[in-house]
Amino acid sequence: MKYFTLILAFCVSLFAHAKVIDIHSSGAAKQSLSVSSVQASGTTGNSFLSTLRNDLLRAGWYRVTNANAQVNVRGTATGSSATNEALSVHWSGKKFAWNRTAKDALTTRKHAHELADAIVNATTGEKGIAQTRLAIVGQVGRAKDGQAMEDLYVCDYDGYNLKRLTSDSKPIIGPRWSADNRTIYFTSYRLGFAAVYKIDVATGKMERLANFRGLSTGAVPSPTDPNKLAIILSHQGNPELYVMDARTRHLTRLTTTTLAAEASPTWSPDGRQICYVSDEPGTPHLYIVDVQTKQRRRLTMAGGENVQPDWGENGILFATKRGCPYRIALIDPARGESSLRYLTEKNEQFESPSWAPNGRHVVTSRKQGRTSSIWIVDALEKGDVPYQPFNSSQGQWFNPAWSK
């Protein structure tokens, strides 16, 4: 029971009153961008322009202005049901054309996201986030027995097109996307105990991954091999870290800590290492293990708790308790504690960080009063002010994961 409670504590968000750290950008690195020369008309035409402008504001690379700018978007977006898009993008003596016809409002938004990402890539060389999605756990309403109805949802990065994937109304922990964004892996209590599942995002087809006795949690696929899953299992005693072959269910055990518990694995971008949580020192800390050699090393040395890591191209995000409520920190796996930088302020509680595929933005959970909500944080040292991607007044929202 000790280890069951510990793993649950590692993964379930425990919120306190919080406010967002003010990390205004100096704006020095931003390019000026204008969409004032785009003429929009009709319901879907105006929706296209509104979505495009919002995407470019949230991209983080631009200072949107109504004047002539370094990047100028020109043309027309017209329509009240279908949308005719005839635009061009001009910057640094370069340009590209954008001509599309959207058959409905959903396609109109899709085209605006595509154009926003194309502008980001062309003018900055960076990845856009407008076409990405979020997996989130939501509590909406209560069952007849008074228990919160908790299920897995997905939505666009800006909160639109919210879709419920599960209907078990049972606790869900740690959703993680596959590399192709077609599948989400998660831990569910739908059978009354923690077990790992995967669900097809398009069809909703769900499958239990591990049928071992004891605890199973934390399943996450390798970014380089979809058939390799990092997973926490307790079928041989206390919770340990394994790599499981998704086809054969063959297990490779990576840790042996008979008096400790492991949790929350996350792969390195090259698929060669795994960062995970262990309470071997007496409190939860981050460790890194080499998948081939099984050599491991401790990464964090300070703090009462260091949990919920997510490894991206620009380092490892995690939630840490260091004399205050949980806050989000970023650490270089090569340099360790000397590189640690906080993304949220002390005395404010944020949890469950997840990298956007652009390596700049982070989705995390926050609580205001009794309302748990989802927020986007900019990981740049002088990044943009955090924002709420959608109105979460209806229900409680937590444990977010950004698509790849």
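Here, every reference points to the structure presented above.
Residues numbered from 1 in each chain as written. Predicted model: local features only at pLDDT ≥ 70, side-chain atom pairs only at ≥ 80, totals over all residues. Heavy atoms only, no water.

Before going further, it helps to spend a moment on the overall build of the chain. Scanning the chain from terminus to terminus reveals three helices and 28 strands. Taken over C-alpha atoms, the radius of gyration comes to 22 Å for the chain, in line with the 22 Å a tight globule of 404 residues would show. Seen along its three principal axes, the alpha-carbon backbone of the chain occupies a region of about 65 × 50 × 45 Å. Of the contacts formed within the chain by residues at least 6 apart in sequence, a portion of 46% connects residues at least 24 apart. Accessible surface computed for the chain: about 17400 Å², of which carbon and sulfur atoms make up 48%. (Helix = DSSP H or I, 4+ residues; strand = E, 2+ residues; numbered from the N terminus. Rg over C-alpha atoms; globule rule 2.2 N^0.38 Å. Contact = heavy atoms within 4.5 Å. Areas by Shrake-Rupley, 256 points an atom, 1.4 Å probe, with all protein chains shown as cover.)

Within the fold, Ser169 resides in the loop between strand E8 (163-164) and strand E9 (172-177). Ser169 sits in the buried class, given a relative accessible area of 18%. Once residues within four sequence positions are removed from consideration, Ser169 is found in contact with Ala148, Met149, Glu150, Asp151 and Arg164. (Buried < 20%, exposed > 50% of the residue type's maximum accessible area, 1.4 Å probe, protein only.)

What follows deals with the sheet that holds strand E15 (residues 240-245). Across a sheet, paired strands are connected by hydrogen bonds in the backbone, their directions being either parallel or antiparallel. Here four strands make up an open sheet; going across it, the order is E13-E14-E15-E16 and the pairing antiparallel. Looking at which strands have only one partner, the edges of the open sheet turn out to be strand E13 (216-221) and strand E16 (251-253). Sheet twist, expressed as the mean angle between neighbouring strand axes with direction ignored, is 25°. Bridge analysis of strand E14 (residues 228-233) against E15 gives six bridges, and the strand direction is antiparallel. (Pairing = 2+ DSSP bridges. Axes fitted to C-alpha atoms, helices over the stretch in contact; angles between N-to-C directions.)

This part is about empty space enclosed by the protein. For the structure on display, the rule yields two cavities of 30 Å³ or more. Residue lining of the second largest cavity: Asp55, Ala59, Trp61, Ala116, Asp117, Val120, Lys127, Gly128, Ile129, Ala130, Asn358 and His361, and that is the complete set. Contributing elements (two or more residues each) for the lining of the second largest cavity: helix H2 (43-59) and helix H3 (105-124). (1 Å grid on protein atoms, 1.4 Å probe; cavity = no way out; pocket = protein on both sides within 12 Å on 5 of 7 lines; lining within 4 Å. Points joined across faces, edges and corners; volume = space filled by probe spheres on them.)

Attention shifts here to the packing of aromatic side chains. By the definition in use, this model includes five aromatic pairs. Measuring from ring centre to ring centre gives 6.0 Å for Trp91 and Phe96, while their planes differ by 75°; the resulting arrangement is edge-to-face. Relative to Tyr197, the ring of Phe186 has its centre 6.0 Å away and its plane inclined at 25°; by these criteria the two rings are stacked. Taken together, the residues span a long stretch of sequence, with Phe186 in strand E10 (residues 183-188) and Tyr197 in strand E11 (residues 195-200) at a distance of eleven residues. (Phe/Tyr/Trp six-rings, centres within 6.5 Å; stacked < 30°, edge-to-face > 60°.)

Turning our eyes to something else, we now look at the layout of surface pockets. The space that makes up the largest pocket amounts to roughly 620 Å³. If you trace the largest pocket, you find 30 residues lining it, with Trp311, Gly312, Glu313, Pro357 and Lys404 closest to the centre. For the lining of the largest pocket, the residue count by class is 13 nonpolar, eleven polar and six charged. (Nonpolar A, V, L, I, M, F, W, Y, C, P; charged D, E, K, R; others polar.)

Moving on: the pairing of strand E18 (residues 273-278). Note on strand geometry: in a regular strand, side chains alternate between the two faces of the sheet. The buried fraction of E18 amounts to five of the six residues, a majority that puts the element mostly inside the structure. Examined bridge by bridge, strand E17 (residues 262-267) and E18 share four bridges and lie antiparallel to one another. In the strand pairing of E18, Glu262 is matched with Ser278. Connecting the antiparallel pair E17 and E18 is a turn made up of five residues, with Gly271 showing a positive phi of about 75°. In this sheet, strand E19 (residues 285-290) lies alongside E18 in antiparallel orientation, the contact comprising six bridges. Of the residues in E19, the one forming a bridge with Gln273 is Asp290. If you look at the hairpin formed by E18 and E19, you'll find six residues sitting between the two strands, and Gly282 has a positive phi there, around 115°.

Glancing now at the sheet that holds strand E24 (residues 336-342). With antiparallel pairing, four strands are arranged side by side in an open sheet as E21-E22-E23-E24. The open sheet has two free edges, formed respectively by strand E21 (305-312) and E24, since each of these has just one partner strand. On average, each strand axis in the sheet is tilted by 30° relative to the strand beside it, whichever way the strands run. Bridging between strand E23 (residues 327-332) and E24 involves three bridges; their strand directions are antiparallel. Considered in E24, the bridge of Asp332 is made with Gly336.

The next subject is the packing of H2 against H3. Running from amino to carboxyl end, H2 crosses H3 at an angle of 35°, the nearest separation of the two axes being 8 Å. For the pair H2 and H3, the sense of crossing is right-handed. For the pair formed by H2 and H3, the contact residues are Thr44, Ser47, Phe48, Thr51, Leu52, Asp55, Leu56 and Ala59 on the first element and Ala105, Thr108, Arg109, His111, Ala112, His113, Leu115, Ala116, Ile119 and Val120 on the second. Here the residues of the contact of H2 with H3 are counted per class, giving ten nonpolar, six polar and two charged. (Left-handed = near helix turned anticlockwise from the far one by under 90°.)

Moving on, we get to the pattern of salt bridges. Pairs may arise between side chains of opposite charge once their charged atoms sit close together. All chains considered together, the criterion is met by 14 salt bridges. Taking the shortest distance from any N to any O, the salt bridge between Asp158 and Arg109 comes out at 2.7 Å. Here Asp158 is found in the loop between strand E7 (148-156) and E8, whereas its partner Arg109 is found in helix H3, with 49 residues between them in sequence. The same class applies to Asp158 as to Arg109, namely buried. Here the salt bridges do not stand alone but share partners, grouping Lys198, Glu207 and Arg249 into one network. (Salt bridge = Lys/Arg side-chain N within 4 Å of Asp/Glu carboxyl O.)

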